[in-house]
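Listed below are the residues making up each chain.
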Amino acid sequence: MAAVLELPLWYYRQFPVDFRRGEEATLGILGWAQKPCRIPKDETALVLMHFWNIGFPGGPAWSEASPQRGIRECQEYVGRCVMQFTRTMPPIIQAARDAGITIVHVASSEGYASKYPQYERTCAEVDLEPVPSQPHAIRPESVDLPTIQDRFGPDYGVVRDVEYDFPPGIGPEDDDLVCVYTHQLNSVLRNRRIWCLTYCGFAINWCLWHSPCGMVDMQRLGYTCGAIRQGVVAVENRESVRTRANHEYAMWKTAHMFGYVLDDGDFIRAANSVRA
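The structure displayed is predicted, hence computed values, not measured ones. (Residues numbered from 1 in each chain as written. Predicted model: local features only at pLDDT ≥ 70, side-chain atom pairs only at ≥ 80, totals over all residues. Heavy atoms only, no water.)

1. With respect to unusual backbone geometry
- With an omega of -10°, the peptide bond running from Phe15 to Pro16 counts as cis.
- If you trace the backbone, Pro16 turns up in the loop between β1 (4–13) and β2 (31–40).
- Across the junction of Phe202 and Ala203, the peptide omega takes the value -10°, indicating a cis bond.
- Relative to the elements of secondary structure, Ala203 occurs in the loop between β6 (196–202) and α7 (207–210). (Helix = DSSP H or I, 4+ residues; strand = E, 2+ residues; numbered from the N terminus.)

Rendered as C-alpha cells:
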C-alpha cells in the first residue's frame, strides 16, 4: 500500500457575507480553518522555485560595495531570504529527501540550470512540446508612462547582472528534478502521476504565482498548488515590510485561489512518518 502523508492544511472560508453590513459584508465570512488531509506521497512534489544565491556565502554580494549596486538596491528582499531560508529550508528539504518525496527545483534560467546533470536528465525525460509563443503587443517606441527604470531604479535593465545559482545546501542532489519551463514541469509530473504541488521559494507574491512553472500556469493545467508558510518570502514595500503585510496577503491568496497553506513543522512531521 502506498504511503500517505497526513497533512493539516490551512484554507480560507470566503463565506458567508453579512448582507446587512453593505460595503463591509466581508466581516461575516468565516476565515481561516485547518483540515486534516491524506495525500499519497507518490502523488505530491516539493517544488523549490527561484532560490537564488544572492547574499549567500559564495554568491553575488548584496551590499553597497556590490559591482551591481544599482540592481541590488531594488532587491529589498535579499536580507529576508538569506535569514529565513538558511534557517527553515534545510530541515524541510531533508525531511522530503528522507521520505522519498519528489523534489523539483525550478530555475529562473537555463544559464545556471544547465550546469547540473539533473537538468540534462530532466530534459531527456520531457515528452511534451512547449506552448507556441504569441505575438506581443503592438506599441510605439516611446510612451508617456512610468518606465521600468522609474519603478526599479536607473540601472535596472541597463547594467548586466551576474549569473545566479542555487544557494549552498538548497541546490539539486541525487535524483532531484530541475525545470525552467512549464512544459518541462508538466511533463515530468504527468510521468509520475503527481498532481499536488507544495511550493517553497521566492517570491510568493511574484515568481511563485506568475513565472513559468508557477501556480498560475500549473493550476490552469489542473494541479493543486500550495505553499509552506515558513518556506516562502514575499516582495514587500516600504509600507508593508515591518508587519510583513504582503506575506500575509499572499498566504490568503495562495490558500484561497490555488489550494492551501501548510506550516513547516506539520510538513516535516508528516514526511518523517513515512520515511523511505
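2. Topic: helix α10 (residues 264–272)
- Among the residues of α10, Asp266, Phe267, Ile268, Ala270 and Ala271 are the ones counted as buried.
- Lining the buried residues of α10 we find β1, β2, β3 (44–49), α2 (78–99), β7 (224–233) and β8 (259–262). (Buried < 20%, exposed > 50% of the residue type's maximum accessible area, 1.4 Å probe, protein only. Contact = heavy atoms within 4.5 Å.)

3. Remarks on the packing of aromatic side chains
- Scanning the entire structure with this criterion turns up 13 aromatic pairs.
- Aromatic pair Trp10 and Trp32: ring centres 6.5 Å apart, planes at 85°, arrangement edge-to-face. With Trp10 in strand β1 and Trp32 in strand β2, this pair connects stretches of sequence that are 22 residues apart.
- Overall, Trp32 belongs to the partly exposed group, its relative accessible area being 32%.
- Between Phe152 and Tyr156, the ring centres sit 4.7 Å apart and the planes meet at 25°, which makes this aromatic pair stacked.
- The partly exposed category is assigned to Tyr156, whose relative accessible area is 29%.
- Three or more aromatic residues link up through ring pairs in this structure, and these residues are Trp10, Tyr12, Trp32, Trp209, Tyr249, Trp252 and Phe258.
- One Lys or Arg, Arg229, reaches over the ring of Trp32 and ends 5.8 Å from the middle of that ring.
- Taking the ring centre of Trp209 as reference, the NZ or CZ of Lys253 above it sits at 4.4 Å. (Phe/Tyr/Trp six-rings, centres within 6.5 Å; stacked < 30°, edge-to-face > 60°. Lys NZ or Arg CZ within 6 Å of the ring centre and 35° of its normal.)

4. A short note on the pattern of salt bridges
- Under the counting rule described, the total for this entry stands at 14 salt bridges.
- Residue Arg269 pairs with Asp266 through a salt bridge whose shortest N-O separation is 2.7 Å. Linking Arg269 with Asp266, this pair stays in helix α10, spanning three residues, or about one helical turn.
- Through salt bridges with shared partners, a single ionic network connects Asp18, Arg20 and Arg21. (Salt bridge = Lys/Arg side-chain N within 4 Å of Asp/Glu carboxyl O.)

5. Considering the state of the cysteines
- Taken as a whole and assessed by the stated rule, the structure comprises zero disulfides.
- For Cys74, which is in no disulfide, the shortest distance to another cysteine sulfur is to Cys207 and amounts to 12 Å.
- Cysteine Cys179 remains unbridged, with the sulfur of Cys213 as its closest cysteine sulfur at 5.6 Å.
- What makes Cys179 buried here is its relative accessible area of 0%. (Disulfide = S-S within 2.5 Å.)

6. Looking at the environment of Leu5
- Within the secondary structure layout, Leu5 lies in strand β1.
- Expressed as a C-alpha distance, the spacing of Leu5 and Glu110, which sit 105 residues apart in the sequence, is 33 Å.
- Non-local contacts of Leu5, meaning those with residues more than four positions away in its chain, are made with Cys37, Arg38, Ile39, Lys41, Thr44, Ile101, Ala270, Ala271 and Val274.

7. Topic: the layout of surface pockets
- Here the largest pocket is characterised by a volume of approximately 670 Å³.
- Lining the largest pocket are 26 residues, with Trp52, Gln75, Tyr77, Tyr156 and Tyr164 positioned closest to its centre.
- Space inside the second largest pocket adds up to approximately 230 Å³.
- In terms of lining residues, the second largest pocket is bounded by Leu128, Glu129, Pro130, Val131, Tyr181, Thr182, His183, Asn186, Asp217, Arg220 and Leu221.
- Put simply, the parts of the chain that give the lining of the second largest pocket at least two residues each are α6 (182–192) and α8 (215–220).
- Sorting elements by how many residues they give to the lining of the second largest pocket places α6 first, with three residues. (1 Å grid on protein atoms, 1.4 Å probe; cavity = no way out; pocket = protein on both sides within 12 Å on 5 of 7 lines; lining within 4 Å. Points joined across faces, edges and corners; volume = space filled by probe spheres on them.)

8. Examining the nonpolar core
- The biggest cluster of nonpolar side chains holds 47 residues, and the ones touching the most others in it are Leu46, Phe85, Met89, Phe202 and Phe267.
- Per-element tally for this core: the top contributor is α2, with nine residues.
- Once you skip the residues sitting within four places of it in the chain, Phe202 turns out to touch Met49, His50, Trp52, Tyr77, Cys81, Phe85, Cys207, Leu208, Val233, Ala234 and Val235.
- The next biggest cluster of nonpolar side chains, apart from the first, holds 32 residues, and it includes Val104, Val126, Leu197 and Met218. (Core = buried A, V, L, I, M, F, W, Y, C linked by side-chain atoms within 4.5 Å.)

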